[in-house]
Amino acid sequence: MSKFRKLMAVAALLFASSSVFVACSDDDESTMGPISINSVQSTSSAVTLYWTIVPNSSCDGYNVTICEGTRANKGSVVLSQDFDNRTATATFSGLKQNTSYVAITKGIPSKSSGFSDAYTYELEFMTAPLVQNITAGTISYRDITTEDSDGNEITETVGTFDATWTALSGNAGTYTIALQKYGLADPTKPEGDDNKKVWSAVTSATISNIATVSYTFKDLIVPETTYRVGLRPNPSNGDWYAAGEWQYSPEFTSPAAQ
């Protein structure tokens with residue numbers, strides 16, 4: 001085959017490929033294609049969206065609309081905001097926890113683009129849940145006798161209680177539960193500007209079943225000390241948030257031992 005024929009064959013192949021691509025990507029030549037959302041990161045009250053930008057002058061900017069609901073049943077518009085053509089990400093706040101929303105993106109065609117409208121892109125997501133109604137139950141004490149390194153007996157009074165909460169029904173994989181106490185950062189030193197009271201960890205654990213509604217903190221409480229219980233949901237595969245947020249029980253002070 002001559003060089004001329006080879007060049008003509010390559011040109012024909014390129015033309016055919018280009019024609020197929022346009023036909024597949026544009027149902028209506030007067031309508032701009034959709035602006036896809038590349039990433040979604042939610043918290044319990046906000047979402048950060050990242051979308052594709054158009055790298056030419058055919059687009060003056062982007063509109064982002066968020067509706068409460070699902071793609072099949074979109075409810076009311078929560079917010080709608082326009083952005084310039086160089087912006088590819090934004091954070092939207094004021095959302096409800098553990099709620100389904102639909103993010104809708106749409107390009108804004110420039111006057112010189114030849115487009116009269118633009119297709120929309122929709123993505124459904126959920127905000128992160130918060131664990132509710134965390135409560136510390138009644139503390140029961142008992143004495144434990146141990147020996148120190150010199151063989152002397154030491155008796156300590158320790159307390160046990162149950163923490164309860166309202167279980168999540170989904171949108172989480174596990175819980176992290178923690179017991180914290182409030183006291184001096186260094187209990188061996190007097191209180192001062194360099195030694196203030198802080199919350200510190202007593203213990204923590206992972207709860208693998210989100211249907212669980214209680215946890216026992218055994219022999220960890222000492223009398224006349226202030227505590228609180230914290231719970232954080234952890235996402236499973238497919239959840240839209242990177243990490244859950246801590247929620248705490250009301251602070252409580254353990255009673256004196258009888």
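Here, the structure is the one placed above.
## Structural notes on the overall build of the chain
For step 1, the next point in the chain: Looking only at helices and strands, one finds one helix and 18 strands in the chain.
For step 2, the next point in the chain: Considering the chain as a whole, with its 258 residues, one finds that 33% of them fall into the buried category.
For step 3, the next point in the chain: Counting contacts in the chain only where the partners sit at least 6 residues apart, residues at least 24 apart contribute 66% of the total.
For step 4, the next point in the chain: Per element, the accessible surface of the chain, about 15200 Å² overall, is 51% carbon and sulfur.

## Here we look at the sheet that holds strand S5 (residues 74-84)
Adjacent strands of a sheet form backbone hydrogen bonds with each other and so pair up, either parallel or antiparallel.
For step 1, the next point in the chain: Spatial strand order, S5-S4-S7-S9: four strands in an open sheet with antiparallel pairing. Two strands in the sheet have a free side with no partner beyond their single neighbour: S5 and strand S9 (120-126). Going from strand to strand, the sheet's axes swing by 20 degrees on average, the running direction of each strand aside.
For step 2, the next point in the chain: Pairing geometry for strand S4 (residues 59-69) and S5, over eight bridges, is antiparallel. Following the sheet pairing, Tyr-62 is matched in S5 by Phe-83.

## Things to note about unusual backbone geometry
For step 1, the next point in the chain: Residue Asp-219 is not a glycine yet carries a positive backbone phi of 55 degrees.
For step 2, the next point in the chain: Along the polypeptide, Asp-219 turns up in strand S15 (residues 214-221).
For step 3, the next point in the chain: Judged by relative accessible area, Asp-219 falls into the buried class, the value being 19%.
For step 4, the next point in the chain: With phi around 55 degrees, Glu-224 is a residue other than glycine that occupies positive phi space.

## A few points about the pairing of strand S13 (residues 174-184)
For step 1, the next point in the chain: Sheet topology note: the S13/strand S16 (residues 226-234) ladder contains nine bridges and is antiparallel. The residue bridging Ala-178 from the neighbouring strand is Gly-230, located in S16.
For step 2, the next point in the chain: Inspection of the sheet shows S13 paired to strand S14 (residues 197-207) by 10 bridges, in the antiparallel sense. From the neighbouring strand, Gly-183 faces S14, where its bridge partner is Val-198.

## Thoughts on the pattern of salt bridges
Opposite charge on two side chains permits them to pair, given that their charged atoms come into close proximity.
For step 1, the next point in the chain: Per the counting criterion, the structure on display carries six salt bridges.
For step 2, the next point in the chain: The salt bridge involving Lys-106 is made with Asp-117; its shortest N-O contact spans 3.1 Å. A residue pair is termed long-range when its members are at least 10 positions apart, and Lys-106 in strand S7 (residues 100-109) and Asp-117 in strand S8 (residues 117-118) qualify at 11 residues.
For step 3, the next point in the chain: The exposure class assigned to Lys-106 is partly exposed, which follows from its relative accessible area of 27%.

## Some points on the side chain of Thr-99
For step 1, the next point in the chain: Residue placement: Thr-99 occurs in the loop between strand S6 (89-93) and S7.
For step 2, the next point in the chain: Of the residues examined, Thr-99 reaches a relative accessible area of 14% and is grouped as buried.
For step 3, the next point in the chain: For Thr-99, the side chain forms a polar contact with the main-chain oxygen of Gln-97, separated by 2.9 Å.
For step 4, the next point in the chain: Setting aside anything within four residues of it in sequence, one finds Thr-99 in contact with Glu-68, Phe-125, Met-126 and Thr-127.

## Brief notes about the side chain of Ser-249
For step 1, the next point in the chain: Examined against the element boundaries, Ser-249 turns out to sit in the loop between strand S17 (247-248) and strand S18 (252-253).
For step 2, the next point in the chain: Classification of Ser-249 as buried rests on a relative accessible area of 5%.

## A closer look at the packing of aromatic side chains
For step 1, the next point in the chain: One pass over the full model with this rule turns up 11 aromatic pairs.
For step 2, the next point in the chain: For the ring pair Tyr-215 and Phe-217, a centre distance of 5.0 Å and an interplane angle of 65 degrees mean the geometry is edge-to-face.
For step 3, the next point in the chain: Judged by its relative accessible area of 27%, Tyr-215 falls in the partly exposed class.
For step 4, the next point in the chain: Of the aromatic side chains, those joined through ring pairs into one cluster are Phe-161, Tyr-215, Phe-217, Tyr-227 and Phe-252.
For step 5, the next point in the chain: Its guanidinium or amino end placed over the ring of Trp-199, Arg-228 lies 4.3 Å from that ring's centre, counting from NZ or CZ.
For step 6, the next point in the chain: A cation over an aromatic ring shows up here: Arg-228 above the ring of Tyr-248, its NZ or CZ 3.8 Å from the ring centre.

## A short note on the sheet that holds S6
For step 1, the next point in the chain: Strand order in the open sheet formed by three strands is S2-S3-S6, with antiparallel pairing between adjacent strands. Edge positions in the open sheet fall to strand S2 (37-42) and S6, since each of these has one partner strand only. Sheet twist, expressed as the mean angle between neighbouring strand axes with direction ignored, is 20 degrees.
For step 2, the next point in the chain: Pairing of strand S3 (residues 46-51) with S6, which is carried by five bridges, proceeds in the antiparallel orientation. Each bridged residue has a counterpart across the sheet, and for Leu-49 the counterpart in S6 is Ala-90.

Cut-off values and rules
- Residues numbered from 1 in each chain as written.
- Predicted model: local features only at pLDDT ≥ 70, side-chain atom pairs only at ≥ 80, totals over all residues.
- Heavy atoms only, no water.
- Helix = DSSP H or I, 4+ residues; strand = E, 2+ residues; numbered from the N terminus.
- Buried < 20%, exposed > 50% of the residue type's maximum accessible area, 1.4 Å probe, protein only.
- Contact = heavy atoms within 4.5 Å.
- Areas by Shrake-Rupley, 256 points an atom, 1.4 Å probe, with all protein chains shown as cover.
- Pairing = 2+ DSSP bridges.
- Axes fitted to C-alpha atoms, helices over the stretch in contact; angles between N-to-C directions.
- Salt bridge = Lys/Arg side-chain N within 4 Å of Asp/Glu carboxyl O.
- Polar contact = N/O pair within 3.5 Å; in protein donor to acceptor, adjacent residues only side chain to side chain.
- Phe/Tyr/Trp six-rings, centres within 6.5 Å; stacked < 30°, edge-to-face > 60°.
- Lys NZ or Arg CZ within 6 Å of the ring centre and 35° of its normal.

All we've got here are geometric facts, nothing functional implied.
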